[in-house]
Amino acid sequence: MGNNKSNKKESTVKHALVVALGTFFIAIVISSYSQLFLERVSSMIFAFALLLAIILVGIIFDIVGTAATAATEAPFHARASRKLPGAKNSIWLVRNADKVANFCNDVVGDICGTVSGSVGAIIAVSLAPTFRSVEDWIVGTAMIGIVSSLTVGGKALGKNMAIRGADKIILIVGQMMSLFQKKPKRPNQTAKRQGKGN
């Protein structure tokens, strides 16, 4: 019993370290590319579009993470027995709801929150000369308020949707995952290819 507990603790610590390091590097890469993109873009429309896109990604992943914890496994077994696409992936998402929620809500959500904040700060600095009569800190504070309200408000609406339509959302995600999976070769196709080779 003691060994099992210690092994679980070690695996938990390793998982936390991997997630932390992964989040660190992903955040740096995304933030760097976002800043490079903003430096080359002169139009504020594109800058705000990038900001809204980052916030939207965070909201979407938050919906998926919440839906994974609220979804029930039973409805997907009937679809899996009929070998319908996405059913097995949906079951996997529900069974691993804690890891899915951790990745979607914490990892992606925090990265998007951090990056959207930095992008908002860059936009505020760019807008400051336009509002000469207004102090820079007011522009920056207003931008922080806009980013925070969009993020929190969007996630509040998303969580409501995720809880009400958890099964449907997880099924859609499972179907999307199945599109990126390699389909196994059929025995007939393999036999034909081997026959042609001979």
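Counting restarts for each chain: residues are numbered from 1 in the order of the written sequence. pLDDT decides what is reported in this predicted model: residues at 70 or higher carry local features, side-chain atom pairs at 80 or more are listed and counted, and totals for whole chains, interfaces and linings draw on all residues regardless. For the side-chain quantities, the full set of heavy atoms in the structure was used; hydrogens and water were omitted.

## Brief notes about the overall build of the chain
What counts, and what does not: A run of H or I in DSSP counts as a helix once it spans at least four residues, and a run of E counts as a strand once it spans at least two, with each numbered from the N terminus. By definition in these notes, contact holds between two residues if any of their heavy atoms fall within 4.5 Å. Here the accessible surface of atoms and residues is derived via Shrake-Rupley with a 1.4 Å probe, and residues count as covered only by protein chains that are part of the display.
Assigned secondary structure in the chain consists of eight helices and zero strands. For the chain, the proportion of contacts with a sequence separation of at least 24, taken over those separated by at least 6, is 77%. Of the roughly 13,600 Å² of accessible surface on the chain, 66% is carried by carbon and sulfur atoms.

## Some points on helix 7 (residues 166-179)
Spelled out, the test is: Expected helix span is computed as 1.5 Å times (number of residues minus one). To sort residues, take the accessible area from a 1.4 Å probe on protein chains only and compare it with the maximum for the residue type: under 20% means buried, over 50% means exposed, and anything in between is partly exposed.
If you check helix 7, its first and last C-alpha atoms are 20 Å apart, about what 14 residues at 1.5 Å a residue would give, namely 20 Å. Inspection of helix 7 places Ala166, Ile169, Ile170, Leu171, Val173, Gly174 and Ser178 among the buried residues, and these make up the whole buried set. For helix 7, the secondary structure elements touched by its buried residues are helix 2 (44-70), helix 3 (74-81), helix 4 (87-95) and helix 6 (136-164).

## Looking at the environment of lysine 99
Summarising the element assignment, lysine 99 is placed in helix 5 (residues 97-127). Along the primary structure lysine 99 and threonine 69 are separated by 30 residues, whereas in three dimensions their C-alpha atoms are 9.8 Å apart.

## Structural notes on the nonpolar core
Basically, it comes down to this: Among buried residues, those of type Ala, Val, Leu, Ile, Met, Phe, Trp, Tyr and Cys that are joined through side-chain atoms within 4.5 Å constitute a nonpolar core.
Leu51, Val119, Ile123, Met143 and Ile170 are the most contacted members of the largest nonpolar core, which totals 39 residues. When contributions to this core are tallied by element, the ones reaching two or more residues are helix 1 (2-40), helix 2, helix 3, helix 4, helix 5, helix 6 and helix 7. Residue contributions to this core peak at twelve residues, all from helix 5.

## A word on unusual backbone geometry
Phi angles above zero are rare outside glycine, and lysine 83 is one such case at about 55°. As for its placement among the helices and strands, lysine 83 is situated in the loop between helix 3 and helix 4. We classify lysine 83 as exposed; its relative accessible area is 75%.

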